[in-house]
Amino acid sequence: MSMSRIWEGSGKLMCWFVFAYLLLLALPCMGFLPNFWSRVLTLSWDSHTHQYITEQAILNVTLETLKGNPEEEQTRLGRGFWRALGEVVKSNAAMDFLSSTRSDPVYHFDSERVDSATLMLRQFWAQTLLSVRAKQYQSARHSLGQLFHSLQDFYSHSNWVEMGRHSIYLHLLQPEEPVIPLAKEDFPTCMECFSATCRNNLMPRLTNAQQHSQLLTTGYFSTFPPKPQGKCSHGGILDSSRYMGAKGGINKDSTSPLFSPHYYLHVEAAALATEATKTVLRDLRDNVGDKAFLRLFSVKQAPALVFVMDTTGSMFEEITAARLRAHSIIQSRARSPAQTGTFLLVPFHDPAVGPVYETDDPNQFMQQMENLMALGGGDEPEMCLSAIQMALTHSPPLSEIFVFTDASPKDAHLFEAVKALALEKQSRVTFLLTEDPNHTPEVRGRSRRRSGKRRKRRIMQPLSPDRFSLYSSLSSVSGGLTIFTSNSDIHRVSAIVEDNTAADKVTLLHVESDQELMSAHSFRVDSSLKNVTIHVIGVLFECILTNPSGQSQSLLSEKGSLADLEHFQGLYRISLLFPIQQGQWKVHAKSDGHLTFNVIGDSRVDFLYYFATVTNETHPGLARVEGSPVAGFPAFLVLAVTGLAPEEEASFSHVTLLGAQGDTLHQMKLNSSSSSSSSSLSSSFSVDEMVGYVEAVPRVPFCVRLTGRDRRGDKLERVSTEMVQPSHVQIQVLSVPRLVPGHSTMVNFQILNRGPSRLLSLSMDDDCGYLHKRGPHRFHVAEQGSFHDQVNLHTPATAQAGATVTLTLTVRAFDSEDSNYAVTYLTVVPPDPDTFPPSCSTVGGQSSCPSICNESSWSVSLVVSDRGRSGLAALQLQRGEGILTLFLSPPTTEDSMGDTQLDPDQQQSLRDQITSGDHHYKARLEKGDSPLNLSEWVQGSSQPLWARYTSSCCSAQGELLVWDSAGNMKRCNLTPDQQRQQRDRSTETSGTGRINPPDVFYLLCILLWSPSL
């Protein structure tokens, strides 16, 4: 798509671009450019950004993983996938924007800090593995994005490409691979360069193609750390170190010679960075398995079914209704097994909350639902917000959370933290309340079914009619609903659970109305939509539905051809009848109270968005706004359309910011970012990213409506249901440290006041109770001023490695409704981790493969051991058509089969030899077998294992994966004629590759075992 489309729009938008570019020229830049907007700011349209490289790699490896199953090949990557991918990209880009990382050379492989940067890479890798294994996928995506950023920067900032290297540097994440020595501090690496394009400015030793004499270097940036004489600079017009000897630079960040002296090698550097990123993803997939890998990126995930259940004595009917709905949803999903989902249950009463029951198994979830009993209670308020907080913490983003209760919250102090979590995860919270909010007597009947008796819950003080207001506020902000119904209607009202948790649900309209007269609202039905349902919450006196042709139906008084109406206490459920006419539909409604309208339908076409601002501290680009955007200030809105299939071509022209009652606050034009992530992929998996500009963010809450046209020119609209809460105060987390059991950790943050001088209040909360102080803390901040502080968390010695602590910070103004939030995820890491991967040593082999391959076989003998202290955990034959036989001790000559060539009958005999008379024979593996759990049959898995791989000459390669109990993985290549110690490609978390005492023992074992070959 032509880049001229970027500049379409108002003259003011073009002026902003010019201003942003001029601002950029005054500030520094380093690293592959962060995201698509960096191309505009640097005038390098064809540069490969961190965003592009990361998206390409994740898309390719995800589709590669799906191709194993024909049914899975038809799976489209939905909104959840693009949200997950966006979290990785966000974490990657944040390395260029956060004050704690943007200027640190270790995070960017600058200033020859290669050893420190390599160690940090391996820490990110270990953290990612821990988080995935603990099913803490958001934390895993965060550390994965950080890993990708530094890994990608290596190829742009080092002389790896200039050395003529065409493959990736495996040693960065695989310590046993050969290491290229780093140029010493007093060794000159660059020659003087006096032009923008610095060709051949590296010293000969730094470009030598002879591997034994090569040296590695990376460019110095700016003035810290100081650049020694004769060293290379990062370079470009924004690097002040380029004037120091040696002048010039070597970075390959972009295709612009103004910013990248080695711009002519940008494409090669980006290609290697992409391949390195894909290698990490494939190793991660092999480490955790396809299922966990796809879960990490929310592939094939139906919306999570999350129930928050009040289990006090009066909740018998509600619990029964929830069971029935859960059973119905599970049966429906069983008919399409290609889409699994998470099931989560959080029971609560007073004072107990939880525990959380989380599972992927629908049968286990139903068992937990059956185990719920309505018991206890007595006073009216319950710990409801604590339970919702627990549900939000454990559920994935974009979840639908349903709360069944008849009691007001006892823990109102958690409201801001719960609201922050709901907005951060874009999860909707819907309340089904079996209580009349206007009921205020001191004694109120709350029935429970037990032994046929009814009991009353005694209230010690009158009940406020506003006691449920926090529920209404939370549902309104998150885009959910608050429904007041009765015990007799709760079974039917709970149908809304099924309506909202079906796959591919999109929102066409979500408004609230307090008009006492007739209110009018409209929504559009397009060709991609099916099964359109209207939910109206409140009490209707009149409701008229009109289709695009002008035909009307009075829903309360007549049956008609447009829609069916179901009325329960608190809910009107209106289903449009087939065939549903495309075009604009209208709803006119009359009530004397509050109404909420929610229109949903089935369609894959949806969108994601975020607000961003131009940043030029060290890296040009659009930095995502954390929390709510600043009211009255300019901002960009970045939007990605998801789910468009080739037959559903569409173009999108503008976005409208809508107030709570559907009124238009602002409209902005959209322009293509020209960064289509899937340019080389099937359009079935495409996402179209666009950007718009708002001169002043509205000062009142709003939602976002996207408008476009389908391929026939008919209008298409989608609405986001969460209400953005603009604010004049911001809070930013500046550091995200790791948590170590038995130690305290400080998290730095700052608060920015974009309004007048005033008093603010800060509250902190975490889901594990590690915080020393929770607040609220009061402090004064001057006009346009800031406040820096830190929070202290103490991680107990018993904390489980891989666990995630969700830290929520909320700030409020005392003189207004201004508030904002920050949510961050902290991972617990072991204090002294085992970072040594297993070892896989070749000790012999046999190959005599003639031209007719099916008449002969080859074999290779191995010793498998763990170099660390964790012990062997599992093995899997990943590739190859042969048989891997395992032994607990060196096999005899007969077992070794050194010179034996197997015919088909002998191969079958080997397969049947599981229970051999030889005491040391244990197991055999073939491709497709699940990983073999060694702890189930090996006593003392710290001891080595012996293995023999035998295969037909028609299959000349195999691959064995070996894990230790710490999760370190070794990748062993199996090929014919391996007569020496094999140099395997390994994937491991960290380590130095040095020899330790156990290695001497294993070496002796190898020397003692010399099978007849």
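None of the values given here were measured: they were computed from a predicted structure. (Residues numbered from 1 in each chain as written. Predicted model: local features only at pLDDT ≥ 70, side-chain atom pairs only at ≥ 80, totals over all residues. Heavy atoms only, no water.)

### Points about the sheet that holds strand β31 (residues 786-794)
Put simply, the rule reads: Paired strands, as defined in this entry, are two strands with at least two bridges between them according to DSSP. Per the convention used, a helix needs a DSSP run of H or I reaching at least four residues, while a strand needs a run of E reaching at least two, with both numbered from the N terminus. Axes here mean lines fitted to C-alpha atoms, for a helix over just the part in contact, with angles spanning 0 to 180 degrees between N-to-C directions.
The three strands are arranged β27-β28-β31 in an open sheet whose pairing can be described as antiparallel. Each edge of the sheet is formed by a strand with only one pairing partner; in this case those strands are β27 (729-733) and β31. Taken over all neighbouring pairs, the strand axes of this sheet differ in orientation by 25 degrees on average, direction set aside. The sheet contact formed by strand β28 (residues 744-753) and β31 spans nine bridges and is antiparallel. The partner of S744 across the bridge, within β31, is H794.

### Thoughts on the state of the cysteines
A covalent bond between the sulfur atoms of two cysteines is referred to as a disulfide. This is how the line gets drawn: Two cysteine sulfurs form what is called a disulfide whenever their separation falls within 2.5 Å. Exposure is judged per residue with a 1.4 Å probe applied to protein chains only, and the accessible area is read against the type maximum: over 50% gives exposed, under 20% gives buried, and values in between give partly exposed.
Inspection of every chain in the model, using the stated rule, returns four disulfides. Between the sulfur of C193 and that of C198 lies a disulfide, 2.1 Å long from S to S. Residues C193 and C198 share a disulfide whose torsion about the S-S bond is about -95 degrees; that sign makes it left-handed. Using a relative accessible area of 10% as the deciding quantity, one classes C193 as buried. On the basis of relative accessible area, C198 is assigned to the buried category, the value being 1%. One disulfide bridge connects C853 with C954, the sulfur atoms lying 1.9 Å from each other. On the sign convention where negative is left-handed, the bridge of C853 and C954, at about 90 degrees about the S-S bond, is right-handed. Separated by 101 residues along the polypeptide, C853 in the loop between β34 (838-847) and β35 (857-866) and C954 in the loop between β40 (945-952) and β41 (958-964) bring together distant segments of the chain.

### Focus on unusual backbone geometry
Put simply, G245 and A246 share a cis peptide bond, and its omega is 0 degrees. Backbone torsion omega between F578 and P579 reads -5 degrees, so that peptide bond is classified as cis. Counting through the fold element by element, P579 comes out in the loop between β15 (571-576) and β16 (583-590). At K135, a residue that is not glycine, the phi angle is positive and equals roughly 60 degrees. Positionally, K135 belongs in the loop between α6 (114-133) and α7 (137-157). Located in the positive-phi region is L398, a residue other than glycine, with phi close to 65 degrees. Inspection of the secondary structure assignment puts L398 in the loop between α12 (384-394) and β4 (400-405).

### Let's talk about the side chain of E512
Using the following cut-off: Residues scored as positive are Lys and Arg, those scored as negative are Asp and Glu, and His as well as the terminal groups of each chain are ignored. When a carboxyl oxygen of Asp or Glu is within 4 Å of a side-chain nitrogen of Lys or Arg, the pair counts as a salt bridge. Contacts described as polar in this section are N or O atom pairs within 3.5 Å, which, within protein, must combine one atom able to donate a hydrogen with one able to accept it, while residues neighboring in sequence count only if both atoms come from side chains. We call two residues in contact whenever any of their non-hydrogen atoms come within 4.5 Å of each other.
By the secondary structure assignment, E512 is in strand β9 (residues 505-513). The side chain of E512 sits in the buried core without any salt bridge; R428 is the nearest counter-charge, 12 Å away. At 2.8 Å, the side chain of E512 forms a polar contact with the side chain of S476. Apart from the residues within four sequence positions on either side, E512 is in contact with S476, H594, L595, T596, A660 and Q661.

### A look at the nonpolar core
The tendency in soluble globular proteins is for nonpolar side chains to be buried as a group. This is how it is decided: As used here, the term nonpolar core means buried Ala, Val, Leu, Ile, Met, Phe, Trp, Tyr and Cys residues forming a set that is joined through side-chain atoms within 4.5 Å.
One finds F81, L147, Y155, W160, L281 and F297 to be the most contacted residues of the largest nonpolar core, which totals 59 residues. Contributing elements (two or more residues each) for this core: α3 (50-66), α5 (79-97), α6, α7, α8 (266-288) and α9 (290-296). Per-element accounting of this core gives the leading share, nine residues, to α8. Not counting residues up to four positions away in its chain, the partners in contact with L147 are L121, F124, W125, L173 and V280. Formed by 31 residues, the second largest nonpolar core is a distinct cluster that contains L385, A420, L423 and F431.

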